[in-house]
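Geometric and topological summary
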Amino acid sequence: MCGIIGYIGNQNVVPILIDGLKRLEYRGYDSAGVAFIQDNKIEVRRCVGKLKNLEMALSGEKSFSTIGIGHTRWATHGRPSEENAHPHRVDNIVVVHNGIIENYSQLKKELASEGRRFASETDTEVIAHLIDRQVKRGLSLVEAVQEALKEVKGAYAIAVLRQEEPEILVGARNGCPLVAGLCQGGAFLASDIPAILNYTRDVVFLDDKEIITLTPEGIRIMDIEGSPIEKELSKVIWNPVMAEKGGYRHFMLKEIYEQPRAIMDTIRGRLSHDTGNVYLDEIGLSADDIKGLKNIFIVACGTSWHAALAGKFMIEEMARIPVEVDVASEFRYRDPIIDEGSLLIAITQSGETADTLAAIREAKRKKGKAFSICNVVGSTAARESDGVIYTHAGPEIGVAATKTFTSQLVALYLLAIYLGRVKGVVSQGAGKRHLEVLSQLPHLIEKVLEKNEKIEEMARLYSHYKDFLYLGRGPNYPIALEGALKLKEISYIHAEGYPAGEMKHGPIALIDDQMPSVVLITKNSVYDKVLSNIMEVKARSGKVIALATEGDQDIAGRVDHVFYLPEFDPLLTPVLLAIPLQLFAYHIAIIRGCDVDQPRNLAKSVTVE
Ligand code: AGP
């Protein structure tokens, strides 16, 4: 996600802001900016691209200011551009923001009807207007922030300046991290510790719905109603590298643990619990377009292709539209039969995978409709498609996809409900139930993550094997493929994913006591069939690790090891199953001394054919 830095004190602020932003660069960003108050005037500098562009824009200026805020933006609402870069200024207020404002379009309409003009496509600008509206009613900056935030729904960490109050910097958080740092003669505000680690190790972590006022003398924290809150000072003991990874040993592990948040952000603002509907107008299809769809192609590579396979189950079940799934590198070479009644969905976290882009172009050349599911706002896939569903997983730095994968699964689930509701296949009641189930998912993932130690133990027992088989059926089959891919990618162990029923048509010949099978056997309509597959493996001395549903005691007696997952909706169980498989691959790779964040021979996005 985006990075925030703020400072008030007795030192020159611009070098501090730039230094702080540089320390957040590893997170990825598309634009950057700073705002500071100099000679009683707010100055804003923003640039698309790398920080060096911002430094160039500032070079030659002899600025001296002791209060300022800075931001690196990872686009969520609005493409990467100078207008959309932060800080956002409305009259004498400037704001930087991380997070997603769910009700921003409604607030934007309301503010526009009062004659307010918007200079960007962002949700953040709404916050700046709301604060400005309050100060124009006579409130101080901190009071204005308090009142403005009462109108906002969603997740935010913000830092705000007001030209008329150059002696304070105000921040607030709800659902996005924000930390204050204290040092001699000054105070810092940051989204992440690395930004301020050069200056201080004395920090205070903000909690949700807290507002902070920083002055050169220190900080004051209050709740949204203005009641003061006392908070403990913490000492940061992380070194800079540990701090970048949020204390985790690797980006991959950090990203595995970020999945509840990534999923929450992907569904945020898209569910209407009252109507059972999903807001996905961004796919660029009218109700008539959807009703007229003859077929859907989902096209992707690697992990995204596994998401596509799972998406087929979701869309066919909920929308009753036939879905074909293709590996993008094959798609255009088989002269696919596409016409005006066809829809192509390209899934690509980066939005830059050459083969997937070629598939979008092929569909459009043949007059089909095309939209993408993508994690990078403004990427080529997003720009070239007729519409886009953004997953809001935040930047993924580990080469092995984790949080982008599960966010793609959730985006597909949303899409399936959306199509089903438009087509009338999913009733209002069923829609409500699906949304209810989906809302439980982040919490259930947290519960699975709590059992990391159990996975680590299993990894220790299995890390010396050279070959693995991953088996699953129905919607769990794509997750078997994904589990095998994760193991291959980061631990360099040979692993094959198979539909469990297909095992006896070949792979069964490989089974012996040296080839363990990881079998996904959660409670669903094919449970008994997968159980038979397990018996076939056991009969050939194969070791079995089962991923099963809590309460299934019987399975424990039939396999070598079992990992239990909460009982859940069969179409969303794949999301839960992905978590232990990611952790299993991670721990095995660590035990074998592999570089999990940058595995050999792999690139994060494959931009060549
Ligand atoms: C996943 O762990 C891989 N690194 C790889 O298979 C990846 O999913 C594939 O290259 C597709 O990338 P994309 O989603 O950015 O298009």
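A brief look at the structure comes next. Since this is a predicted model, take the numbers as computed values, not measurements. (Residues numbered from 1 in each chain as written. Predicted model: local features only at pLDDT ≥ 70, side-chain atom pairs only at ≥ 80, totals over all residues. Heavy atoms only, no water.)

Topic: the overall build of the protein
Tallying secondary structure elements over the protein gives 20 helices and 26 strands in all. The C-alpha radius of gyration of the protein comes to 25 Å, within 12% of the 25 Å expected for a compact globule of 609 residues. Overall, the protein is about 80 × 55 × 45 Å in size when its C-alpha atoms are taken along their principal axes. Taken across its 609 residues, the protein has 61% of its residues classed as buried. Across the protein, every contact between residues at least 6 apart in sequence was considered, and the portion connecting residues at least 24 apart equals 71%. Of the roughly 23,100 Å² that the protein leaves accessible, carbon and sulfur atoms contribute 49%. For the protein, the separation between the mean place of its 70 positive charges and that of its 80 negative charges on side chains is 2 Å. (Helix = DSSP H or I, 4+ residues; strand = E, 2+ residues; numbered from the N terminus. Rg over C-alpha atoms; globule rule 2.2 N^0.38 Å. Buried < 20%, exposed > 50% of the residue type's maximum accessible area, 1.4 Å probe, protein only. Contact = heavy atoms within 4.5 Å. Areas by Shrake-Rupley, 256 points an atom, 1.4 Å probe, with all protein chains shown as cover. Lys, Arg positive; Asp, Glu negative; His and termini not counted. Charge placed at Lys NZ, Arg CZ, Asp CG, Glu CD.)

Describing the pattern of salt bridges
According to the stated counting rule, one finds 42 salt bridges in the structure shown. Between Glu147 and Lys150 there is a salt bridge; the shortest N-O distance is 3.0 Å. Pair noted here: Glu147 and Lys150 are both in helix 5 (residues 141–150), with a separation of 3 residues, about one helical turn. Glu147 gets classed as partly exposed once you look at its relative accessible area, which sits at 29%. Residue Asp265 is joined to Arg268 by a salt bridge in which the shortest nitrogen-to-oxygen separation is 2.9 Å. There is no split in this pair, since Asp265 and Arg268 are both buried. Through salt bridges that share partners, Asp91, Arg116, Asp132 and Lys136 make up one connected network. (Salt bridge = Lys/Arg side-chain N within 4 Å of Asp/Glu carboxyl O.)

Details of the packing of aromatic side chains
Applying the stated criterion across every chain yields a total of 10 aromatic pairs. The ring of Tyr492 carries Arg600 above its face, with NZ or CZ at 3.8 Å from the centroid. (Phe/Tyr/Trp six-rings, centres within 6.5 Å; stacked < 30°, edge-to-face > 60°. Lys NZ or Arg CZ within 6 Å of the ring centre and 35° of its normal.)

A short note on the sheet that holds strand 12 (residues 210–215)
Spatially, the 6 strands line up as an open sheet ordered 5-6-7-8-12-13, and their pairing is antiparallel. The open sheet has two free edges, formed respectively by strand 5 (88–90) and strand 13 (218–223), since each of these has just one partner strand. Strand-to-strand twist in this sheet, taken as the mean axis angle between neighbours without regard to direction, amounts to 20 degrees. Summarising the sheet, strand 8 (residues 169–174) and strand 12 pair through 5 bridges and their orientation is antiparallel. Among the inter-strand pairings, Arg173 is bridged to a residue of strand 12, identified as Glu210. Against the sheet, helix 5 engages strand 6 (93–101), strand 7 (154–162), strand 8, strand 12 and strand 13, with an angle of about 160 degrees to strand 7. (Pairing = 2+ DSSP bridges. Axes fitted to C-alpha atoms, helices over the stretch in contact; angles between N-to-C directions.)

Some words on the nonpolar core
Ile296, Ile315, Ile345, Leu441, Phe468, Tyr470 and Phe584 are the most contacted members of the largest nonpolar core, which has 90 residues in total. Excluding its chain neighbours within four sequence positions, the residues that come into contact with Ile345 are Ile296, Phe297, Ile298, Val299, Ile315, Phe371, Ile373 and Leu415. Leu111, Val126, Tyr156 and Ala172 belong to the second largest nonpolar core, which has 29 residues in total. (Core = buried A, V, L, I, M, F, W, Y, C linked by side-chain atoms within 4.5 Å.)

Quick look at the site of the ligand
The immediate surroundings of the ligand are formed by 13 residues, with Ser304, Thr348, Ser350, Thr353 and Glu489 found nearest. In this structure, an oxygen atom belonging to the ligand sits 3.1 Å away from a main-chain N or O atom of Thr303. Elements supplying a minimum of two residues to the shell around the ligand: helix 10 (302–319) and helix 17 (477–491). Looking at the shell around the ligand element by element, the count peaks at 3 residues for helix 10. By residue class, the composition of the shell around the ligand is 4 nonpolar, 7 polar and 2 charged. (Near = heavy atom within 4 Å. Polar contact = N/O pair within 3.5 Å; in protein donor to acceptor, adjacent residues only side chain to side chain. Nonpolar A, V, L, I, M, F, W, Y, C, P; charged D, E, K, R; others polar.)

A word on helix 14 (residues 403–423)
Residues spaced three or four apart along an α-helix face the same direction, because each turn holds 3.6 residues. Here helix 14 contains 21 residues, and its C-alpha end-to-end distance of 30 Å stays within 8% of the 30 Å for a straight helix at 1.5 Å per residue. Positive backbone phi, approximately 80 degrees, marks Gly424, located one or two places after helix 14. (Expected span 1.5 Å × (residues − 1).)

Some remarks on unusual backbone geometry
Cis geometry marks the peptide bond from His86 to Pro87; its omega dihedral reads 0 degrees. Relative to the assigned elements, Pro87 resides in the loop between strand 4 (67–73) and strand 5. Even without being a glycine, Asp91 presents a positive backbone phi close to 55 degrees. We note that Arg320 has phi near 50 degrees; this positive angle belongs to a residue other than glycine. Residue placement: Arg320 occurs in the loop between helix 10 and strand 18 (323–327).

A word on helix 8 (residues 259–267)
Helix 8 sits mainly inside the fold: 7 of its 9 residues count as buried. What helix 8 keeps buried is the set Gln259, Pro260, Ala262, Ile263, Asp265, Thr266 and Ile267. Of the surrounding secondary structure, the elements contacted by the buried residues of helix 8 are strand 6, helix 7 (251–257), strand 15 (271–272), helix 14, helix 15 (428–449) and helix 20 (573–591). At the C-terminal side of helix 8, Gly269 shows a positive phi close to 75 degrees.

What about the packing of helix 17 against helix 20?
The interhelical angle for the contact between helix 17 and helix 20, taken along N-to-C directions, is 20 degrees, at an axis separation of 9 Å. By the angle between their axes, helix 17 is roughly parallel relative to helix 20. Here the hand of the crossing between helix 17 and helix 20 comes out right-handed. Here Ile479, Gly483, Lys486, Leu487, Ile490 and Ser491 of helix 17 come into contact with helix 20, specifically with Pro574, Leu577, Ala578, Leu581, Ala585, Tyr586, Ile588 and Ala589. In the contact of helix 17 with helix 20, the residues fall into 11 nonpolar, 2 polar and 1 charged. (Parallel < 35°, antiparallel > 145°, perpendicular 65-115°, else oblique. Left-handed = near helix turned anticlockwise from the far one by under 90°.)

Take it as geometry only, folks, not as evidence of what the structure does.
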